[in-house]
Amino acid sequence: MSTPRFAVVGHPNKGKSSIVATLASDEQVEISALSGTTREAQEYPLVVDGETLYVLIDTPGFQRARAALEWMQAHATTSAERAQVVRRFVEQHRGDARFEAECRLLTPVIGGAGILYVVDGSRPFGHEYEAEMEILRWTGQPSLALINMIGAGDYRREWENALGQYFRIVRVFNAMDADFDKRLQLLLAFAQLREDWQAPLERAVGVLRAAQVERRSRAVRLIAECLVTLLSYVREVPLDTTQSTERQRAELGEAYRAELIRREQDCRREVESLYHYERLQRRETAVEILDEDLFSSLSWRLFGLTRRQLVATGGVGGAAAGSVIDVAVGGHSLFLGSGLGALIGGASAWFTADRIAETKVLGRPLGGHLLRVGPMRNLNFPYVVLGRALLHLRMLEGRTHACREPMALVSAPVSLRTAGHRQRAELEKVFAKLRKQGTGDPLQVDRLCRAIESLADVGDDPAP
Ligand SMILES: Nc1nc2c(ncn2[C@@H]2O[C@H](COP(=O)(O)OP(=O)(O)O)[C@@H](O)[C@H]2O)c(=O)[nH]1
Ligand SMILES: [Mg+2]
């Protein structure tokens, strides 16, 4: 079975490399606002589990299409010879600096690659493109045209009319925001180009779908495991009695937070790597909302549950569950004195980022004292971590490898506030077990994975 190969060709600076990056899921493809960045034809195979599903070939843009076509026209007498003449053109002009780009971009095509002709649909059609399209037609290779919308203008109609004269299939495809399904649809369009590509490309679509599901579930597991580690983390230092205990407490608390932040970042990098983003990490500092400190009040406002929700999940304790408790807003005075009030009041401090975990002074058997912080007691903490992780995952899944800007907030934050009550209650049961039993129970991780899996689309329709 031959592996389908596609040469992405067109005018300079129309998004050819961007389309290659998106379809090959490869962030190494060089994309630049400067025209002439892609000098050589370069192959980018899409490999899943060691198998190459298809190959994309990035090429330099046409430079002298009209002159090249004139040469070809002068050397062909019948249309039956045209493919042969294109081949001769390339053979005779290799090493000729004037036609360097044409030779490089035509080489894979005459070698049997299908053609993806890319234009910018935000700019008007012009005659200069006709020579390019004519040359491509002369090659006799199966071809498809993609209208990439780079800027704000809209000349789609014009382009569709012009391209329709030369290409059997014309599609609008935005390299920057083509989601997963859009990419698969494009592959299925390719499958129509050549009969012997149909089977491998349909297979490729199946493999990619399965790989996407698999990737999602591995990402969810990474997130679940990270959450468990964060919830259970404990840090201890010997207490130095010659120093201020308060200072040591504060330092230990700081180190504890820093470690949780670090572990969250590690998890992000692992998830990014699953999605074939290795370079994003260098830009981590520029990621707007995700760069918000795990403990910043903005993070907690965006991702934490409301007090009412926290209480309703049952995490605060049976007695308080279901009660109307917005009291904690102004401290915990309202119910103070009653048993319920004490319970809720005491718990409410654990809703916000102010209180994370307790620092305790412990005696040691051989004398002296230990300072210990952790494990995490704050009831809202796991929701904040999970909301951030789900937003990160969602942004990764919505991203293409053509996008080189830092990740920015593309949608509403994924807050578990918008999840269903039952989903939150299920999560809270797992969190409560983890708090009580520690983290040794792999069943809880599995259960957490299932709960997160059912949440991975949370935020798709945020509550009004
Ligand atoms: N907004 C937007 N910009 C794009 C899109 N495709 C490409 N670009 C930008 O256009 C420029 C040229 O892209 P590139 O892929 O290198 O074009 P090539 O010269 O045809 O390979 C780069 O600055 C890209 O970021 C798109 O779909 N939307
Ligand atoms: Mg390029």
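Everything below is about the structure shown above.
The paragraphs below set out a description of the structure included in this document. (Residues numbered from 1 in each chain as written. Chains lettered and ligands numbered in written order. Predicted model: local features only at pLDDT ≥ 70, side-chain atom pairs only at ≥ 80, totals over all residues.)

Our next topic: the packing of helix α3 (residues 82-93) against helix α5 (residues 128-139). Viewed as axis vectors pointing N to C, α3 and α5 meet at an angle of 110°, and their least axial separation amounts to 7 Å. The orientation of α3 with respect to α5, classified from their angle, is roughly perpendicular. Of the residues in α5, those in contact with R82, A83 and V86 of α3 are I135, W138 and T139. (Axes fitted to C-alpha atoms, helices over the stretch in contact; angles between N-to-C directions. Helix = DSSP H or I, 4+ residues; strand = E, 2+ residues; numbered from the N terminus. Parallel < 35°, antiparallel > 145°, perpendicular 65-115°, else oblique. Contact = placed C-beta atoms within 7 Å.)

All right, on to helix α4 (residues 100-110) then. Listed as buried for α4 are A101, E102, C103, L105, L106, P108 and V109. Contact partners of the buried residues in α4: β1 (5-10), β3 (51-58), α2 (65-75), α3, β4 (114-120) and α5. One or two steps after α4, the chain reaches G112, where phi turns positive at roughly 110°. (Buried ≥ 20, exposed ≤ 12 C-beta atoms within 10 Å, placed from the backbone.)

If you trace the 3 strands from one edge of the open sheet to the other, you get β7-β9-β8, paired in antiparallel fashion. Strand pairing shows two members of the sheet lacking a second neighbour, β7 (235-238) and β8 (359-363), which therefore form its edges. Within this sheet the neighbouring strands show an average axis-to-axis angle of 25°, counted without direction. Where β8 and strand β9 (residues 369-373) come together, 5 bridges link them in antiparallel fashion. What sits directly across from L362, in β9, is L370. Packed on one face of the sheet, helix α9 (residues 245-274) meets β7, β8 and β9 and runs near 40° to β9. (Pairing = 2+ DSSP bridges.)

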